[in-house]
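Close look at the chain arrangement
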Amino acid sequence: MSGGEVKKIMFTVRKAPHGSIYVYEGLEVKLIMAAYDADISVVFMDDGVFALKEGQNTKELGIKGFAATYGAMVDYEISKIYVDRQSMEERGMSEDDLLVIGEDEDTEEPIKPQVVDAAEIAAMMAEQHNILVF
Amino acid sequence: MKLAVLIYEGPYNHEASDSAYNFIQAALARGHEIRGIFFYHDGVYNVTKLMEPPQDDRHIAKRWSELGAKGIDIVVCIAAAKRRGIVDDVLVPNVRISGLGQLTMMAIEADRLVAFGD
């Protein structure tokens with residue numbers, strides 16, 4: 001690693017969770033990368049916000065669901081999980097619709113992805129070394 | 001600059017594979033280092049030796065193999081490959097199957113990771 005600096009790696013999730021494998025295989029990458037020494041953040045935007053919708057059921061699609069696996073990101077200590085406010089609003093989603101992805105170790109309060117706006121996302125993107133798109 | 005390249009799409013069906021190849025050639029010509037090339041999603045189909053395109057077309061798997069022969073580390077994701085029936089026996093030379101940890105190392109060690117695909 002150059003200069004011993006911890007790399008800042010952001011994942012963007014922009015596709016719907018089902019109908020293609022991008023989002024699922026992207027989740028696999030996040031969980032692997034969490035084991036390495038990198039500063040990881042994840043942003044759900046565009047149709048990617050549907051991946052965080054509570055109450056997903058893939059039974060009738062005949063495919064394996066993975067919404068529950070998002071909780072593993074928190075278990076693997078990925079704490080910077082964001083969702084774009086405008087993308088949610090455009091798709092009729094509110095913060096109430098978001099999946100619970102873990103609970104606070106101390107307070108046992110449920111953890112949900114943090115809602116941010118485009119300007120905040122842009123500022124975070126500007127700081128990244130690498131951005132992986134899924 | 002030290003670059004890593006991530007390719008999401010299969011060959012021929014999508015331009016991503018060609019764009020990535022052209023990008024790598026241009027980067028090498030300008031003296032940049034390619035830290036590695038990683039095939040993910042349907043990208044794993046890029047490096048099967050079973051591929052046999054018409055003679056007047058580009059041979060995508062052969063192109064990757066030639067880059068590998070130059071010493072560039074070319075890695076096919078094992079999880080994505082297993083889903084799609086890509087195993088060691090069907091790979092062109094100079095390419096290896098390994099895990100997402102290799103992608104992670106590329107992302108950490110490269111100055112920029114450039115992804116090609118939808």
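This report concerns the structure included in the present document. Computed from a predicted structure; not experimentally measured.

So, how was this worked out
- Residues numbered from 1 in each chain as written.
- Chains lettered and ligands numbered in written order.
- Predicted model: local features only at pLDDT ≥ 70, side-chain atom pairs only at ≥ 80, totals over all residues.
- Heavy atoms only, no water.
- Buried < 20%, exposed > 50% of the residue type's maximum accessible area, 1.4 Å probe, protein only.
- Helix = DSSP H or I, 4+ residues; strand = E, 2+ residues; numbered from the N terminus.
- Pairing = 2+ DSSP bridges.
- Right-handed = clockwise from strand over helix to strand, strands pointing away.
- Axes fitted to C-alpha atoms, helices over the stretch in contact; angles between N-to-C directions.
- Parallel < 35°, antiparallel > 145°, perpendicular 65-115°, else oblique.
- Left-handed = near helix turned anticlockwise from the far one by under 90°.
- Contact = heavy atoms within 4.5 Å.
- Nonpolar A, V, L, I, M, F, W, Y, C, P; charged D, E, K, R; others polar.
- Buried area = accessible area lost by both parts, 1.4 Å probe.
- Salt bridge = Lys/Arg side-chain N within 4 Å of Asp/Glu carboxyl O.
- Polar contact = N/O pair within 3.5 Å; in protein donor to acceptor, adjacent residues only side chain to side chain.

We now examine the pairing of strand S2 (residues 38-44) of chain A. Residue and element names in this part refer to chain A. Of all the 7 residues making up S2, 6 are buried; the element is thus mostly covered by neighbouring parts of the structure. Where strand S1 (residues 7-13) and S2 come together, 7 bridges link them in parallel fashion. Across the sheet, residue Thr12 finds its bridge partner in S2, namely Val43. You can see the chain leave S1, run along helix H1 (residues 22-33) and come back into S2, and the turn it takes is right-handed. Note that S2 and strand S3 (residues 80-84) share 4 bridges and pair parallel. Considered in S3, the bridge of Val42 is made with Ile81.

To continue, consider the packing of H1 of chain A against helix H4 (residues 100-109) of chain B. Orientation of H1 of chain A relative to H4 of chain B, taken along the N-to-C sense of each, is 70°, at an axis distance of 9 Å. Comparing their axes, H4 of chain B and H1 of chain A come out roughly perpendicular. Considering how the two elements wind past one another, H1 of chain A and H4 of chain B form a crossing that is right-handed. Residue-level inspection shows Glu28, Val29, Ile32 and Met33 of chain A of H1 of chain A in contact with H4 of chain B, the latter providing Leu100, Gly101, Leu103, Thr104 and Ala107 of chain B. For the contact of H1 of chain A with H4 of chain B, a count of residues per class yields 6 nonpolar, 2 polar and 1 charged.

Residue and element names in this part refer to chain B. One way to put it is that helix H1 (residues 16-29) packs onto helix H2 (residues 60-69) with a least axis distance of 11 Å and a crossing angle of 30°. By the angle between their directions, the pair H1 and H2 is classed as roughly parallel. Crossing geometry of H1 relative to H2 is assigned as left-handed. Here Ser17, Asp18, Ala20, Tyr21, Ile24, Gln25 and Leu28 of H1 come into contact with H2, specifically with Ile60, Arg63, Trp64 and Leu67. Class assignment for the residues of the contact of H1 with H2 results in 7 nonpolar, 2 polar and 2 charged.

The interface of chain B with chain A comprises 23 residues on the first partner and 21 residues on the second. Approximately 1900 Å² of surface area, both sides summed, lies buried where chain B meets chain A, with 58% of it carried by carbon and sulfur atoms. Per-residue buried area on chain B facing chain A is highest for His41, Arg83 and Ile108 of chain B; these three make up 29% of the total on that side. For the pair chain B and chain A, the number of links is 3 salt bridges. When the shortest N-O distance is used, the salt bridge between Arg83 of chain B and Glu25 of chain A registers 2.6 Å. At the surface where chain B touches chain A, the tally comes to 12 residue pairs in polar contact (both at pLDDT 80 or more). Broken down by secondary-structure element, the contributors of at least two residues to the side of chain B that touches chain A are helix H3 (78-83), H4 and strand S5 (112-116) of chain B. Among the elements that take part in the side of chain B that touches chain A, H4 of chain B stands out by supplying 8 residues, more than any other.

By themselves, these are just geometric observations and shouldn't be taken as functional.
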